[in-house]
Amino acid sequence: MGDMSVFIVLFLIFTVFLIVLDIAMVVSLVKPGDERKQMIVWKASAGTLIGVVGVMFIDIFKSIAAPDSIVSPFSRLGGTAIVYFVFLMYYKRKYGG
């Protein structure tokens, strides 16, 4: 019983983390900034788009092979937010930010 409650707590913490990342991603995209900050966000957004499109191609092939497999929209949004912030941190470090 104790192991299951630890798993549930960790899952809830991870879920809250993904929700915070999703909100921060939207705020980051909407918030205005100078040209350098806009370039960093544009590059991070372009990298994220390439990653998400790649995952969608993989999902198409998976759905052909196993039609019953469905991906949760929340997990897709959470994964997109994680990829976006990895790219954002990379470009902030590269260009200063």
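What counts and how
Residues numbered from 1 in each chain as written. Predicted model: local features only at pLDDT ≥ 70, side-chain atom pairs only at ≥ 80, totals over all residues. Heavy atoms only, no water. Patch = residues over 30% accessible without salt bridge, like charges linked within 9 Å, V, L, I, M, F, W, Y side chains within 5 Å. Areas by Shrake-Rupley, 256 points an atom, 1.4 Å probe, with all protein chains shown as cover. Salt bridge = Lys/Arg side-chain N within 4 Å of Asp/Glu carboxyl O. Helix = DSSP H or I, 4+ residues; strand = E, 2+ residues; numbered from the N terminus. 1 Å grid on protein atoms, 1.4 Å probe; cavity = no way out; pocket = protein on both sides within 12 Å on 5 of 7 lines; lining within 4 Å. Points joined across faces, edges and corners; volume = space filled by probe spheres on them. Nonpolar A, V, L, I, M, F, W, Y, C, P; charged D, E, K, R; others polar. Polar contact = N/O pair within 3.5 Å; in protein donor to acceptor, adjacent residues only side chain to side chain. Buried < 20%, exposed > 50% of the residue type's maximum accessible area, 1.4 Å probe, protein only. Phe/Tyr/Trp six-rings, centres within 6.5 Å; stacked < 30°, edge-to-face > 60°. Expected span 1.5 Å × (residues − 1).

Caption draft 1: Main features of a nonpolar patch on the surface. A grouping of Leu-49, Val-53, Phe-57, Ile-60, Phe-61 and Ile-64 is seen on the molecular surface, where their side chains present a nonpolar patch of about 640 Å² in accessible area. Looking at the secondary structure, you find Ile-60 in helix 2 (residues 35-65).

Caption draft 2: Just the layout of surface pockets, in detail. Of the volumes computed, that of the largest pocket is approximately 350 Å³. Along the wall of the largest pocket there are 17 residues; nearest its centre are Ser-28, Lys-31, Lys-37, Val-41 and Lys-92. Of the residues forming the lining of the largest pocket, the biggest block, 6 residues, is contributed by helix 2. Partitioning the lining of the largest pocket into residue classes produces 9 nonpolar, 4 polar and 4 charged.

Caption draft 3: How the structure looks around the side chain of Thr-15. Checked against the element boundaries, Thr-15 lands in helix 1 (residues 2-30). For Thr-15, the side chain forms a polar contact with the main-chain oxygen of Phe-11, separated by 2.8 Å.

Caption draft 4: Quick look at the pattern of salt bridges. Taken as a whole and judged by the stated rule, the model has 1 salt bridge. Put simply, Arg-76 and Asp-59 hold a salt bridge, and the shortest N to O gap is 2.1 Å. Pair noted here: Arg-76 is in helix 3 (residues 73-95) and Asp-59 is in helix 2, with a separation of 17 residues, a long-range link. By relative accessible area, Asp-59 is classed as buried at 17%.

Caption draft 5: Local environment of the packing of aromatic side chains. Tallying each qualifying case throughout the model produces 4 aromatic pairs. Considering the side-chain rings of Tyr-84 and Phe-85, the 5.2 Å spacing of their centres and the 80 degrees angle between planes classify their relative orientation as edge-to-face. Exposure class is identical for Tyr-84 and Phe-85. Each is buried. Residues Tyr-91 and Tyr-95 carry aromatic rings whose centres are separated by 6.1 Å and whose planes lie at 10 degrees to one another, so their mutual orientation is stacked. In this pair, Tyr-91 and Tyr-95 both sit in helix 3, 4 residues apart, roughly one turn of the helix. One aromatic cluster is present, formed by Phe-87, Tyr-90, Tyr-91 and Tyr-95 through successive ring pairs.

Caption draft 6: Molecular detail of the environment of Lys-94. Locating Lys-94 in the fold gives a position in helix 3. Taking the C-alpha atoms as reference, Lys-94 lies 20 Å from Pro-32; in sequence the two are 62 residues apart.

Caption draft 7: Structural detail: helix 2. In this model helix 2 runs 45 Å from its N-terminal to its C-terminal C-alpha over 31 residues, within 8% of the 45 Å that 1.5 Å per residue would give. For helix 2, the complete set of buried residues consists of Ile-40, Val-41, Ala-44, Gly-47, Thr-48, Val-52 and Asp-59.

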